[in-house]
Amino acid sequence: MPQRNVFSWTAIISGYADSGQGVEAINLFQQMQETGIPPDKVAFVVVLKVCARITALEQGKQLHSDIIKSSFESDLIVANTLVDMYAKCGCTEDARELFNNMKERDVVSWNVMIAGYAQNGLGKEALALYEQMQREGVQPSRVTFVVLLKACASIAALEQGKQLHSDIIKRGFGLDVIVRSTLVDMYAKCGCLEDARELFNNMSERNVVLWTLMIAGYAQNGLCKEALALYEQMQQEAVLPNNVTFAVLLKACASIAALEQGKQLHLHIIKRGFESDVIVRSTLVDMYAKCGCTKYARELFNNMSERDVVSWNVMIAGYAQNGLVKEALALHEQMKQEGVQPDDVTFVVLLKACASIAALEQGKQLRSDIIKRGLEWDLIVANTLVDMYSKCGCTVDARELFNNMIERDVVSWNVMIAGYAQNGLGKEALALYEQMKQEGLQPNNVTYICVLSACSHSGLIDKGLHLFDSMCKDLGVTPTLEHYACMVDLLGRAGCLADAEDFIIRLPIQPDSVIWRTLLGAARNYGHVEIGRRAFDCVMKLEPENASDYVLLSNIYAAAGRMDEVAKIRKEMKDIGVKKVPGCSWIEVDKQVHTFVGGDASHPQSKKIFAELDRLVGLMKEAGYTPDLSFVLDDMEDEEKEIALCKHSEKLAIAFGLISTPSGTPIRIKKNLHMCGDCHNATKIISKIMGRDISVMDANRFHHFKNGVCSCGDYW
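These notes cover the structure that comes with them. What you are looking at is a predicted structure, and each value in this text was computed from that prediction instead of being measured. (Residues numbered from 1 in each chain as written. Predicted model: local features only at pLDDT ≥ 70, side-chain atom pairs only at ≥ 80, totals over all residues. Heavy atoms only, no water.)

**Quick look at the overall build of the chain**
- Of regular secondary structure, the chain possesses 38 helices and six strands.
- Buried positions account for 52% of the 716 residues belonging to the chain.
- A separation threshold of at least 6 residues defines the contact pool for the chain, and within that pool the share at least 24 residues apart is 62%.
- Carbon and sulfur atoms provide 51% of the accessible area of the chain, an area that totals close to 33400 Å². (Helix = DSSP H or I, 4+ residues; strand = E, 2+ residues; numbered from the N terminus. Buried < 20%, exposed > 50% of the residue type's maximum accessible area, 1.4 Å probe, protein only. Contact = heavy atoms within 4.5 Å. Areas by Shrake-Rupley, 256 points an atom, 1.4 Å probe, with all protein chains shown as cover.)

Structure, rendered in C-alpha cells:
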C-alpha cells in the first residue's frame, strides 16, 4: 500500500488477533507506533484484548501508559477493556482500582469486573460485587447471571446460587437457554443433581451443550453409570455429541474402569470423526490406561499425529498408575528428546511414581530438571518433592526443602507431618504440628489423621488419646472413619485389643472394612485368636473378597499351631476364587529400578542372588537366626517352608543390593505389602552382620535397619 493510515494498521492487526496470532498482532502495533501513526481507541481495544488472551501483562501495562498519554483512559469501552486485561492477567487488585476510579460505568463494566473475580477463583468477591451492583441500581444482564452462576459453581455456593435463580426469574431470564444451561451446571456442581435434572427435563429446547453439562454433572458427582445412561437417552433423542461430550464420557468410564463402555464410545468417536481431535484422543489414552490397558493406550498415543504436553502427561500418568514406573520415566526421557517441555503436572506425576517405589536417585534427577525449568517453588511441585523425599526415607532432605519453601499451605504441613509419621518419628511429627498451630495455620481433617498416625507408629498412646479427645471436644472436629481407624490402630499396636474392639463397638457411625481390618492386623501381631476371628467375620460382611484378610487370619491360626484351621481358610479362598496378592519389592541401583516378586527367578542375575541368599542364611544362623515358619501357610515340609521364606521379595531385593553396590552403601527398598515378621527379623540380622544400613518402606511405614536394630523398635 502506498499509503497506510490508522484504519489500515488496525485492520491488519485485527486480522492477526482474530486468527490467534497474538504476538504478531502486538509486534505490528509497535511497528505502527514506530512509523509515527498514533493509535486510536479501536486499535488500543484490539491489542488490549490480545494481551488479555495471551496474558501479556507487561505489554498490557505499556499500553495502559500509552492510553493515558493519548487521553483515552476515560473512554468507557477502553476503560472496560483495561479492567478486563488486568483481571485476565491475574491482577484483580489493579483491575478493581481502575474499576473504582471509572467516572462512568455501564453493565459491561460490572460484568467485566465480576467475571475477573470469578475467573481468578474469587467467587465470594464476585458475589459481593453483584450486591454492590444491585445497591447502585444497575440492572444485571444475561451475561451478569451467567458469570455469577459460574462463580457459585466454582465455590459450591448453593444458597447464593438459589438466590440468583430467584433473581433470574424476576428479571425475565428464566427461559433463556444459556442462562438455564448455566443453572443446570451450577446445581450439578453444587451436588444438587435432582434440581439440575428437573431443570434439564423441563427445558423445551435441549442442545448438545446442555446434554453435556448434565452428563458432566453426574460424572463429577461420581454417578458415572447415570452419566452413561443419559448418553444413551441423548442418542435416542438424536442429539449428536461433540468432542466435549465424548471427553466427559470417557472420563466417566475411566473413573469406574468401565472398559467395555469405553470401547463402545471409541467406536462412536470414530463414526463421528473425532478420533483425530487432540482432547478426545488424549482422553481415550487416559481411559484405556486407567482401565489397565496400557499397551493399547500406548498404541493410540504413538499413532497421534499431534501430541501436546497434556497427551504426554496422560500417557506418563497411565504408566505410573499401573505401577509401570520404569516405563513412565523412560517416556519422560523420550518426551525431552522430542523437544516437548514438561510442565508442573509432568513432574508431579513422575515424583509420585518415584515415591511409590522409593526411587530416590531418579527423584533427585527430576528435582534437577525441575530447578532448570524454574518450577522448584511451584507450591504443588514443592509439596510433591517433600513427599517424595519423605517416602524415600530422607526426612532430613524433606525437612530442608520444607523449611526453604517460599510459600506453604496446609498441604505442605500435612505432607511433612505424614513423612515423619511414616518414618516412625512421632515426636518430630507432634513438634511440627505444634509449630503449625503457632504460625496461625488451621489444621484440617487430614492433619489430625497424620498426627494420630504418627502417635500410632511411634507408640505414643497417651499423646494420641489426648489429641483425639481434644480434637473432638475442644476443637469441634467431627471424626471421620479415617480418624477412628487411627485410634483403633493406636490401641491395637499397643496391645490393647479389648479396648480397641470396645472402641469400634461404641462408634457413633457404622465401621467400615478398614477399621475391622486394622483390628484384625493387631490381633495377628499379638496372636489373639478370638478377637482376630471376630474382626475377620465383620470384615467378610463388608468386603468378602480381599485376600489380605484371609492371610491375616491364617497367620493367627498358624502362630497358634491350629493348622487345620489354616487348611480350611486356604480351601475357602480356593473355592471362592480369592487369590493372594504376590509380594513385590523394588530396589534402585545406578538409577535403574529392579523389580522382584516373591519366589521369582526371572532376574538376569538370579543365580548370583540365590547364591548370596544361601551365604546370608548360613551367616544369619550363626548369628542366632531361626526362620519363623508360621509365616508360610502352604502345606509343605519345614525344609520347603524355609526355602519359601528365603524367596520373599524383600530378601531377594536385599541380596541383589548386596552384590550390586559397594560395601557400606545403604540399601533402600520399597515393598507393596506389609513386611512379615520373619523378614523383619532377618533384615535386622543382615544389617548387623553385613554392616549395611537397610531401609524398607512397606505398605504401612518405613523400617530403618542399622546394626541389628530397626527404627520401629519392633513396634509395627
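So much for the structure itself; the text now carries on.
**Structural notes on a negative patch on the surface**
- Together, Glu637, Asp638, Glu639 and Glu640 make up a region of like negative charge exposed at the surface.
- Among the structural elements, Asp638 can be located in helix H36 (residues 638-646). (Patch = residues over 30% accessible without salt bridge, like charges linked within 9 Å, V, L, I, M, F, W, Y side chains within 5 Å. Salt bridge = Lys/Arg side-chain N within 4 Å of Asp/Glu carboxyl O. Lys, Arg positive; Asp, Glu negative; His and termini not counted. Charge placed at Lys NZ, Arg CZ, Asp CG, Glu CD.)

**So, the pattern of salt bridges**
- For the coordinates displayed, the defined rule picks out 30 salt bridges.
- Between Arg533 and Asp537 there is a salt bridge; the shortest N-O distance is 3.2 Å. Remark: Asp537 and Arg533 occur in helix H32 (residues 529-542); sequence separation between them is four residues, near one turn of the helix.
- Arg533 sits in the partly exposed class, given a relative accessible area of 29%.
- Residue Asp537 is classed as partly exposed on the basis of its relative accessible area, which comes to 33%.
- A single salt-bridge network, built from bridges that share partners, covers Glu333, Lys336 and Asp369.

**A few points about the nonpolar core**
- By size, the foremost hydrophobic cluster in this structure holds 214 residues, and its most contacted members are Met85, Met287 and Met388.
- No other element matches helix H3 (residues 41-53), which puts nine residues into this core.
- If we ignore the near neighbours within four places in the chain, the residues touching Met388 are Leu351, Cys354, Ala355, Leu360, Gly363 and Lys364.
- Counting 32 residues, the second largest nonpolar core, distinct from the first, contains Leu613, Leu658, Ile667 and Ile694. (Core = buried A, V, L, I, M, F, W, Y, C linked by side-chain atoms within 4.5 Å.)

**A word on the pairing of strand S3 (residues 667-671)**
- With four of five residues buried, S3 lies mostly within the body of the structure.
- With four bridges joining them, S3 and strand S4 (residues 694-697) adopt parallel strand pairing. In the strand pairing of S4, Ile667 is matched with Ile694.
- For the crossover that starts at S3, traverses helix H38 (residues 677-689) and ends in the parallel S4, the hand is right-handed. (Pairing = 2+ DSSP bridges. Right-handed = clockwise from strand over helix to strand, strands pointing away.)

**Some thoughts on the packing of helix H4 (residues 57-69) against helix H5 (residues 76-88)**
- Direction vectors running N to C along H4 and H5 enclose 155°, while the axes themselves pass 10 Å from each other. The pairing of H4 with H5 is recorded here as roughly antiparallel in orientation. At the point where H4 passes H5, the crossing takes the left-handed sense. Each of Leu57, Gly60, Lys61, His64 and Ile67 in H4 lies in contact with H5, whose residues at this interface are Val78, Leu82, Met85 and Tyr86.
- Class assignment for the residues of the contact of H4 with H5 results in six nonpolar, two polar and one charged. (Axes fitted to C-alpha atoms, helices over the stretch in contact; angles between N-to-C directions. Parallel < 35°, antiparallel > 145°, perpendicular 65-115°, else oblique. Left-handed = near helix turned anticlockwise from the far one by under 90°. Nonpolar A, V, L, I, M, F, W, Y, C, P; charged D, E, K, R; others polar.)

**What about the packing of aromatic side chains?**
- In total, this model carries 17 aromatic pairs according to the counting rule given.
- Aromatic pair Tyr288 and Tyr296: ring centres 4.6 Å apart, planes at 75°, arrangement edge-to-face.
- Here Tyr288 falls in the buried class, since its relative accessible area comes to 3%.
- Between Phe468 and Phe503, the aromatic rings sit 6.0 Å apart at their centres with planes inclined by 70°, giving edge-to-face as the arrangement. Of the two residues, Phe468 sits in helix H28 (residues 461-473) while Phe503 sits in helix H30 (residues 497-505), which places them 35 residues apart along the sequence. Of the two residues examined, Phe468 and Phe503, each falls in the buried class.
- Ring pairs connect the aromatic residues Phe29, Phe44 and Phe72, which therefore count as one cluster.
- The residue whose ring lies beneath Arg105 is Phe99, and the NZ or CZ to ring-centre distance is 4.4 Å.
- Across the ring face of Phe402, the terminal group of Arg408 is positioned such that the distance to the ring centre comes to 4.5 Å. (Phe/Tyr/Trp six-rings, centres within 6.5 Å; stacked < 30°, edge-to-face > 60°. Lys NZ or Arg CZ within 6 Å of the ring centre and 35° of its normal.)

**Considerations on the environment of Leu552**
- The topology assignment puts Leu552 in helix H33 (residues 547-559).
- Overall, Leu552 belongs to the buried group, its relative accessible area being 13%.
- The spacing of Leu552 and Leu300 is 252 residues in sequence and 42 Å in space, taken between C-alpha atoms.
- With residues up to four places along the chain from it excluded, the contact list for Leu552 reads Arg517, Leu520, Gly521 and Arg524.

**Comments concerning helix H12 (residues 193-201)**
- Turning to H12, its buried residues are Leu193, Ala196, Leu199 and Phe200. Axial view of H12: buried residues confined to an arc of 125°, hence all on one face.
- Contacts made by the buried residues of H12 are with helix H10 (158-170), helix H11 (177-189), helix H13 (208-220) and helix H14 (224-236). (Arc of directions from axis to C-beta.)

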